[in-house]
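Each chain, letter by letter, is given below.
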Amino acid sequence: NEELLINSEKLYVAGQLAAGIAHEIRNPLTSLKGFLQLLASGRQNNKNYFDIMKSELSRIESIVSELLMLSKPQIYELSHKDIRHIMNETVTLLEAQALLHNIEMELNTGEEPLWIRGVENQLKQVFINVVKNAIEAMIDGGRIRIQCFRQGDQITVRIEDCGPGIPDEQMAKIGQPFYTTKEKGTGLGLMVSYKIVDNHQGSIHVTSSLGEGTTFEIVLPYCEPAAEAGGGSGKVTRIHRN
Ligand code: ADP
Ligand code: MG
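In what follows, the accompanying structure is described. Note that residues are indexed from 1 along each chain, following the sequence as it is written. Chain labels run from A onward and ligand labels from 1 onward, assigned in the order the entries are written. The predicted nature of this model means local features are confined to residues of pLDDT at least 70 and side-chain atom pairs, given and counted, to a pLDDT of 80 or more, with totals for whole chains, interfaces and linings taken over all residues.

1. A closer look at the overall build of the protein
Here is step 1 of the chain: Labels follow the DSSP assignment, with helices taken as runs of H or I lasting at least four residues and strands as runs of E lasting at least two, numbered in each case from the N terminus. Scanning the protein from N- to C-terminus turns up six helices and nine strands.
Here is step 2 of the chain: Once C-beta atoms are placed from the backbone, any two residues with those atoms within 7 Å are in contact. A sequence separation of at least 24 residues applies to 74% of the contacts in the protein between residues at least 6 apart.

What follows is the structure, encoded as structure tokens:
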């Protein structure tokens with residue numbers, strides 16, 4: 001009896017998510033169909049249509065690829081990583097985009113290796129999501145400060161922007177599926193990031209002050225390679241998520 005109830009609750013949540021996904025994908029599909037009909041009617045061959053169609057298609061593509069991160073089961077490569085390397089790669093990856101927006105990224109990591117155990121590509125995805133949000137928030141340019149440090153058995157990655165900040169009433173919606181304030185946003189980046197960090201036994205903390213900026217802190221357990229018997233890097237392990 002109780003089991004049945006739990007199952008129907010699960011089904012309800014799945015149904016809500018499915019409805020959200022269907023809605024988010026139907027919008028760009030409907031507009032694509034409209035443009036195809038316009039083009040097929042041979043009225044005018046406007047290059048603009050192709051640009052819009054392309055951007056609608058990439059929207060569907062990014063929704064689908066972000067959702068794939070949530071599917072299971074998957075095989076992940078768990079390994080020991082120095083978070084400084086993952087962050088360095090993230091900053092390099094986003095440097096061009098930052099420059100285009102007149103943004104300077106300052107990375108401060110110290111000399112000590114900051115070991116964590118996890119799935120490198122997923123953690124990189126989290127950092128990319130959060131730094132990209134900071135870049136997108138700072139429409140007037142400025143500086144993004146990134147710090148990585150250890151406190152006892154915890155590693156903190158702090159990403160500080162000087163964007164417009166997040167109003168109090170919007171704070172609770174951050175990380176909810178499809179919550180976005182951007183015209184071209186998916187509202188999935190932070191939901192996926194929360195999920196990934198949660199799978200790594202970590203947590204994300206957001207503080208924000210209107211007109212001053214927003215700080216995201218990603219906290220992960222410190223895990224030295226030697227601390228685990230036989231736990232060499234590159235070992236393939238299955239994570240079962242629920
Ligand atoms: P998306 O970037 O596609 O909108 P996200 O899940 O990454 O989706 O972010 C959800 C929303 O959270 C954004 O649309 C924005 O309103 C808010 N947000 C996230 N990061 C910041 C930030 N650094 N400054 C201001 N608002 C932010
Ligand atoms: Mg985002």
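What follows picks up the thread again.
2. With respect to the environment of Asp140
Here is step 1 of the chain: Here Asp140 shows up in the loop between helix 4 (120-137) and strand 5 (142-151).
Here is step 2 of the chain: Residues are called buried when their C-beta atom has 20 or more other C-beta atoms within 10 Å, exposed when it has 12 or fewer, and partly exposed otherwise; all C-beta atoms are positioned from the backbone. By the C-beta count within 10 Å, which is 10 here, Asp140 ends up exposed.
Here is step 3 of the chain: Distance from Asp140 to Pro164, taken between C-alpha atoms, is 9.7 Å for residues 24 residues apart in sequence.

3. What to know about the pairing of strand 8 (residues 213-221)
Here is step 1 of the chain: Here strand 6 (residues 154-160) pairs with strand 8 via seven bridges, running antiparallel. Opposite Ile155, over in strand 8, you have Leu220 as the bridge partner.
Here is step 2 of the chain: Relative to strand 8, strand 7 (residues 203-209) runs antiparallel, the two being bridged by seven bridges. Each residue of the ladder has a partner; that of Ser209, found in strand 8, is Gly213.
Here is step 3 of the chain: The antiparallel pairing of strand 7 with strand 8 creates a hairpin that spans three residues between the two strands, and Gly211 there sits at a positive phi of about 80 degrees. The rule for pairing is simple: two strands pair if DSSP sees at least two bridges between them.

4. Describing the site of ligand 1
Here is step 1 of the chain: Around ligand 1 there are 19 residues in total, and Asn133, Thr180, Gly185, Gly189 and Leu190 lie nearest to it.
Here is step 2 of the chain: Those elements that place two or more of their residues in the shell around ligand 1 are helix 4 and helix 6 (189-199).
Here is step 3 of the chain: For the shell around ligand 1, the leading source of residues is helix 4, giving four residues.
Here is step 4 of the chain: Residues are grouped as follows: Ala, Val, Leu, Ile, Met, Phe, Trp, Tyr, Cys and Pro are nonpolar; Asp, Glu, Lys and Arg are charged; every other residue, Gly included, is polar. Among the residues forming the shell around ligand 1, the class breakdown is seven nonpolar, ten polar and two charged. The criterion for a residue being near a molecule or strand is simple: its C-beta atom, placed using the backbone, must lie within 6 Å of it.

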